Amino acid sequence: MSAEFEVTITDKDMFHFNIYHAYHGFQGIIATVVGVWVLIMAGLTFGKIEALYTVLYLVLGIVCLVYVPGNLYLRSKRQLSSSQTLKNALRYKVDDAGIHVSQGEQSADLEWKQIYKMVSNKNQLLIYSSRVNAYIIPKEAIGEQYQTIVGLAINHLEGFRLKLNPFSI
């Protein structure tokens, strides 16, 4: 059982990865909660305190809720434009030995025991080789082979390393 596919990362793919990474951590959750709380406070205090404070609440809330995604979008564009590796297609082969990645004459193997975790979300399959480094694979590039990859991962990785939706595609 194996799956082979080719992936070219777009700025949209990189943005989805950065958003996932930012908002599934403590810092992203806190920024969202603070942003919403400050906007609620602006509404509750409107007309009861000086207008300048209400405006400051609004600005702070908007910054908390808009700055992070905006900054991540710009970072995604910079990452892709500055990396020659990410601009070109990567060829993947997933089998019982692990994940084999090649690009041109270069190749790398990631054995199943080296995989930190695998996560699937709405748009992507993320194969982490460490806490922060991941192979970003858009689900549209995998297509129907997603079930094969999930099956291989279930057979070779411990359950705590998997956060996969087996029916998602």
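Residues numbered from 1 in each chain as written. Predicted model: local features only at pLDDT ≥ 70, side-chain atom pairs only at ≥ 80, totals over all residues. Heavy atoms only, no water.

Participant: Any chance you could break down helix α3 (residues 51-82) for me, citing the residues and the numbers?
Facilitator: Counted at 1.5 Å a residue, the expected span for α3 with its 32 residues is 46 Å, and the 44 Å between its end C-alpha atoms agrees. A maximum bend of about 35° is found in α3 at Val66, where proline Pro69 lies one to four positions downstream. Looking only at α3, the buried set comprises Thr54, Gly61, Cys64, Leu72, Ser76 and Leu80. Residues of α3 that are buried sit in contact with α1 (11-23), α2 (26-45) and α4 (84-87). (Helix = DSSP H or I, 4+ residues; strand = E, 2+ residues; numbered from the N terminus. Expected span 1.5 Å × (residues − 1). Bend = angle between axes of the 7 residues up to and from the residue. Buried < 20%, exposed > 50% of the residue type's maximum accessible area, 1.4 Å probe, protein only. Contact = heavy atoms within 4.5 Å.)

Participant: Can you explain the pairing of strand β5 (residues 117-120)? Please cite residues and give values.
Facilitator: Here β5 pairs with strand β6 (residues 124-128) via four bridges, running antiparallel. When the sheet's bridge partners are listed, Ser120 is paired in β6 with Leu125. Two successive antiparallel strands, β5 and β6, enclose a turn made up of three residues. Where β5 lies against strand β8 (residues 162-163), two bridges are found, and the strand directions are parallel. Within β8, the residue paired with Val119 across the bridge is Lys163. (Pairing = 2+ DSSP bridges.)

Participant: Tell me about the sheet that holds strand β4 (residues 106-111), and name the residues and values.
Facilitator: With respect to topology, four strands assemble into an open sheet ordered β1-β2-β3-β4, the strand pairing being antiparallel. Edge positions in the sheet fall to β1 (3-7) and β4, since each has one partner strand and no second. Across this sheet, the average inter-strand angle for adjacent strands is 15°, counted without regard to direction. (Axes fitted to C-alpha atoms, helices over the stretch in contact; angles between N-to-C directions.)

Participant: Can you lay out the sheet that holds β8 for me, pointing to particular residues and giving the numbers?
Facilitator: Read from one edge of the open sheet, four strands run β7-β6-β5-β8, paired in mixed fashion. The sheet terminates laterally at β7 (134-138) and β8, the two strands that pair on one side only. Helix-sheet contacts for α1 involve β5, β6 and β7, and the interaxial angle to β6 is about 65°.

Participant: How would you explain the packing of α2 against α3 if you had to name every residue and give the values?
Facilitator: At a minimum axis distance of 8 Å, the contact between α2 and α3 shows a crossing angle of 155°. For the element pair α2 / α3, the angle class is roughly antiparallel. Where α2 crosses over α3, the two elements pack in a sense that is left-handed. Facing α2, whose interface residues are Ala31, Thr32, Val34, Gly35, Val36, Val38, Leu39, Met41, Ala42 and Thr45, α3 presents Thr54, Tyr57, Leu58, Leu60, Gly61, Ile62, Cys64 and Leu65. Its residues placed into classes, the contact of α2 with α3 shows 13 nonpolar, five polar and no charged. (Parallel < 35°, antiparallel > 145°, perpendicular 65-115°, else oblique. Left-handed = near helix turned anticlockwise from the far one by under 90°. Nonpolar A, V, L, I, M, F, W, Y, C, P; charged D, E, K, R; others polar.)

Participant: Report on the pattern of salt bridges, specifying residues and quantitative values.
Facilitator: Two side chains carrying opposite charge are able to pair once their charged atoms lie near each other. In this structure the tally under the stated criterion is five salt bridges. Of the charged contacts in the structure, one is a salt bridge between Asp11 and Lys77, with a shortest N-O distance of 2.5 Å. Residue Asp11 is located in helix α1, and its partner Lys77 is located in helix α3; the two are separated by 66 residues in the primary sequence. The exposure class of Asp11 is partly exposed, given its relative accessible area of 26%. By relative accessible area, which is 35% here, Lys77 ends up partly exposed. (Salt bridge = Lys/Arg side-chain N within 4 Å of Asp/Glu carboxyl O.)

Participant: Tell me about the packing of aromatic side chains, and name the residues and values.
Facilitator: Taken as a whole and judged by the stated rule, the model has four aromatic pairs. Each ring, one from Phe5 and one from Tyr92, has its centre 5.3 Å from the other, and the planes form 15°; the classification is stacked. You can see Phe5 sitting in strand β1 and its partner Tyr92 sitting in strand β2 (residues 90-95), a full 87 residues away along the chain. Exposure class is identical for Phe5 and Tyr92. Each is buried. A ring pair is formed by Phe17 and Tyr128, whose centres lie 6.4 Å apart and whose planes are at 40°; its orientation type is tilted. Within this pair, whereas Phe17 is found in helix α1, its partner Tyr128 is found in strand β6, the two being separated by 111 residues in sequence. Since its relative accessible area comes to 8%, Phe17 is described here as buried. Across from the ring centre of Tyr128, 4.9 Å away, lies the NZ or CZ of Lys117, which sits over that ring. (Phe/Tyr/Trp six-rings, centres within 6.5 Å; stacked < 30°, edge-to-face > 60°. Lys NZ or Arg CZ within 6 Å of the ring centre and 35° of its normal.)

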